[in-house]
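Spelled out from the first residue to the last, the chains are:
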Amino acid sequence: AQKITQTQPGMFVQEKEAVTLDCTYDTSDQSYGLFWYKQPSSGEMIFLIYQGSYDEQNATEGRYSLNFQKARKSANLVISASQLGDSAMYFCAIQSGGTSYGKLTFGQGTILTVHP
Amino acid sequence: EAGVTQSPTHLIKTRGQQATLRCSPISGHTSVYWYQQALGLGLQFLLWYDEGEERNRGNFPPRFSGRQFPNYSSELNVNALELEDSALYLCASSLFGRQIPDTQYFGPGTRLTVL
């Protein structure tokens, strides 16, 4: 079984500042992937960034970076230089094999609000 | 390049009826996934189709079913609708499917309301 925990129901950040959204995971599989998605109020899930369990370097995609600490089973999302358009729900998800083969298991999400 | 498309955008049904939701994957993607996002329950995995076959299924009753067509588009059917089936249904597609991990790209969703 796999599990994602996001402990921050809501976060606030000032425009142009950086923010870290927390994510911890649990899986017994050796090969897995960790994903972050953004869901604006429109409902569509937008893929942001991905980290493979065997990747040694932390993933980066533009203003998004993933702080992957395998021993601590954490995969925090860092958004630099926040913009008003970053206000949305953010989900962390894990994908591995076994009985969970193929599916994404999501956390409960964190609502991010960016203040001007 | 077109993303994942879903139809209809909104669907209103009454209890006991059947609902059919449709999804077209990104061109070249062979795997399609269905998720349910109900209020208070988060995102729950429903079904995964790859190369026309059902590969995995979430913890949902048999009245949730689907299929994948030869062009890789997919259909989700929900029979004997219940009030708690009201939710946003999200479809996703991926390129490799049976490779783990594999990035899933989502469509805009179908909002199903059961009265």
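Everything here concerns the structure above.
Since we're looking at a predicted model, the values are computed, not measured.

Thresholds, definitions, all that
Residues numbered from 1 in each chain as written. Chains lettered and ligands numbered in written order. Predicted model: local features only at pLDDT ≥ 70, side-chain atom pairs only at ≥ 80, totals over all residues. Heavy atoms only, no water. Salt bridge = Lys/Arg side-chain N within 4 Å of Asp/Glu carboxyl O. Helix = DSSP H or I, 4+ residues; strand = E, 2+ residues; numbered from the N terminus. Buried < 20%, exposed > 50% of the residue type's maximum accessible area, 1.4 Å probe, protein only. Core = buried A, V, L, I, M, F, W, Y, C linked by side-chain atoms within 4.5 Å. Contact = heavy atoms within 4.5 Å.

> Before we move on, could you go through the pattern of salt bridges and cite the residues and values that matter?
Residues and elements named next belong to chain B. The tally for this structure, following the rule as stated, stands at seven salt bridges over all chains. Across the pair Glu82 and Arg63 runs a salt bridge, and its minimum N-O distance is 3.4 Å. In this pair, Glu82 sits in the loop between strand E8 (74-78) and strand E9 (87-94) while Arg63 sits in the loop between strand E6 (53-57) and strand E7 (64-68), placing the two residues 19 residues apart along the sequence. With a closest N to O distance of 3.3 Å, Arg67 and Glu75 form a salt bridge. Overall, the relative accessible area of 45% leaves Arg67 in the partly exposed class. The structure contains a network of salt bridges with shared partners spanning Arg22, Arg67 and Glu75.

> How would you summarise the nonpolar core if you had to cite specific residues and measurements?
Leu34(A), Trp36(A), Ile49(A), Leu77(A) and Tyr90(A) are the most contacted members of the largest nonpolar core, which has 24 residues in total. Going through the elements one at a time, strand E3 (19-21), strand E5 (32-39), strand E6 (46-52), strand E8 (64-69), strand E9 (74-79), strand E10 (88-96) and strand E12 (110-115) of chain A are the ones with two or more residues in this core. The leading source of residues in this core is E10(A), at four residues. Sequence-distant contacts of Leu34(A), that is, excluding residues within four places in its chain, are made with Ile4(A), Tyr25(A), Ile49(A), Tyr50(A), Gln51(A), Leu66(A), Phe68(A), Ala75(A), Ala93(A) and Ile94(A). Within the second largest apolar cluster, 22 residues are counted, among which are Cys23(B), Leu47(B), Val78(B) and Leu112(B).

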